[in-house]
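Chain by chain, the residues:
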Amino acid sequence: MVRSARALTPEAVWTALQDVADPEIPVLSVVELGMVRAVVLEPPAAGGAAGARVRVDVTPTFAGCPAFHAISEAVRSRVSELGAAEVEVRRVLSPAWSSDDMTDTARTKLRAFGLAPPDPHGGLLLPALDAPVACPRCGSFDTELKNAFGSALCREIYTCRSCGEPFERFKPL
Amino acid sequence: MTLSPELRAALVERLTAMADDELVLGHRDSEWTGHAPILEEDIALANIAQDEIGHALLWLEARRELDGSDPDALAYRRSAGAWRNARLLELPKGDWAFTMLRQFLFDVFETELLARLQASACASVAEAAAKAAKEEVFHLRHSGLWLRRLAGGTEESATRLRSAMDRAWPYLPQLWQPLAGDAALTEAGILPDMAEVGAAALERVRAALTGSGLEPPEVPPNPGGRDRHGEDLVALLIDMQSVARADPEATAW
């Protein structure tokens, strides 16, 4: 259903974007991941279609993320459903995405999904890479890095010595 | 920043060289997908390849801002003579020792370049450098570990590593050889002094080799400009561009 253009506010856009998930991590929305940098509403163009024009600034987690195109299209399509006359999705690079941009809710959801979340590191990336990682299944810190690269650019592979299970961690970045 | 036509042309050349390095190395790395010695390394190198291709996109997007060029057209419809990658990166993937040594040499060079490029007076270049620098941390850790592993592993791994050094060294200084327009870019605060980047990279490479018990070879004179390529690049492009060239009208992949 196309809603009235009058109802379109930045808040409504932000709320709607909670429905857009990263296809590689379906439990997280792009807002929870911290990928949405800005939502800007501009008045309808003179002589153009009714309804606001919306610009959404999105930043990639990793520069080569293959899901980025699909994510941009999903953002465009979701905002269009709100009745925007025109939607522009801009790829922005600065400030570069950091795993610290994730919300606390995102970390909790990742853990429940079986993916160890990255701890906040405040920009100190190297210590964060070597810090102990808790197993998302049993909570033990007796874990071991098996591969600094995993099934997606944002993941690395661990095993838990306590419960014996392998698991992935979302990389601190 | 507003660039004079001369600076703009020089920056287009430099960004092309940076993008081509990343794309050609990324493609060579991707040739190991499904063929790496162990599954973990297959995954790791596929990730690194994807990161490097992502970095190529960062530089081609920065170039697009300057001259309106299409990144896909540059990657998939440009003939070998117009590529500006360093020759080290187009050499066939060779064995695992050569692949890891080449990756290490490039990672060190890229890390030193990106560290300085983040202070570029050109905002879009500085932003792209900051983005790529974070990912490069993972690459350098990985290739640096492999260098030590190969050097201190078996007699065979050490022999293969020494052969890889013999193969790579003649091409090494071309990575940081300044382009014709670089001096003006450096003067304008857009690009660091490439000679300084090279000296820093070389010092780091020498320290890593010495720390692994290897004798760093003498660095030979520069092998020439980035407009010169071998047949290896032609073969690489035939493979890399085959899908795009088979259907030039394709709008979705």
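Residues numbered from 1 in each chain as written. Chains lettered and ligands numbered in written order. Predicted model: local features only at pLDDT ≥ 70, side-chain atom pairs only at ≥ 80, totals over all residues. Heavy atoms only, no water.

(A) Spotlight on the pairing of strand S4 (residues 53-58) of chain A. All names here are of chain A. S4 sits mainly inside the fold: five of its six residues count as buried. By the bridge criterion, six bridges tie strand S3 (residues 36-42) to S4 in an arrangement that is antiparallel. Across the sheet, the residue bridging to Leu41 is Val54, located in S4. One ladder, built from six bridges, connects S4 with strand S5 (residues 86-91); its direction is parallel. (Buried < 20%, exposed > 50% of the residue type's maximum accessible area, 1.4 Å probe, protein only. Helix = DSSP H or I, 4+ residues; strand = E, 2+ residues; numbered from the N terminus. Pairing = 2+ DSSP bridges.)

(B) Structural context of the interface of chain B and chain A. With 22 residues of chain B in contact, the opposing surface of chain A contributes 26 residues. The largest share of the area that chain B buries against chain A comes from B:Lys131, B:Lys134 and B:Phe138, three residues that together contribute 33% of it. Between chain B and chain A we count one salt bridge in total. Connecting chain B to chain A are seven residue pairs in polar contact (both at pLDDT 80 or more). Taken together, the elements giving at least two residues each to the side of chain B that touches chain A come down to helix H2 (39-67) and helix H6 (123-152) of chain B. Of the residues contributing to the side of chain B that touches chain A, the split by class is nine nonpolar, six polar and seven charged. (Contact = heavy atoms within 4.5 Å. Buried area = accessible area lost by both parts, 1.4 Å probe. Salt bridge = Lys/Arg side-chain N within 4 Å of Asp/Glu carboxyl O. Polar contact = N/O pair within 3.5 Å; in protein donor to acceptor, adjacent residues only side chain to side chain. Nonpolar A, V, L, I, M, F, W, Y, C, P; charged D, E, K, R; others polar.)

(C) Layout of the packing of helix H1 (residues 5-30) of chain B against helix H5 (residues 96-117) of chain B. All names here are of chain B. Two elements in contact, H1 and H5, have axes separated by 12 Å at closest approach and are oriented at 150 degrees. On the basis of the axis angle, H1 is roughly antiparallel to H5. Considering how the two elements wind past one another, H1 and H5 form a crossing that is left-handed. Seen from H1, the contacting residues are Met18, Asp21, Glu22, Leu25, Arg28 and Asp29; seen from H5, they are Thr99, Arg102, Gln103, Phe106, Phe109, Glu110, Leu113 and Leu117. For the contact of H1 with H5, the residue count by class is six nonpolar, two polar and six charged. (Axes fitted to C-alpha atoms, helices over the stretch in contact; angles between N-to-C directions. Parallel < 35°, antiparallel > 145°, perpendicular 65-115°, else oblique. Left-handed = near helix turned anticlockwise from the far one by under 90°.)

Geometry only, nothing functional implied.
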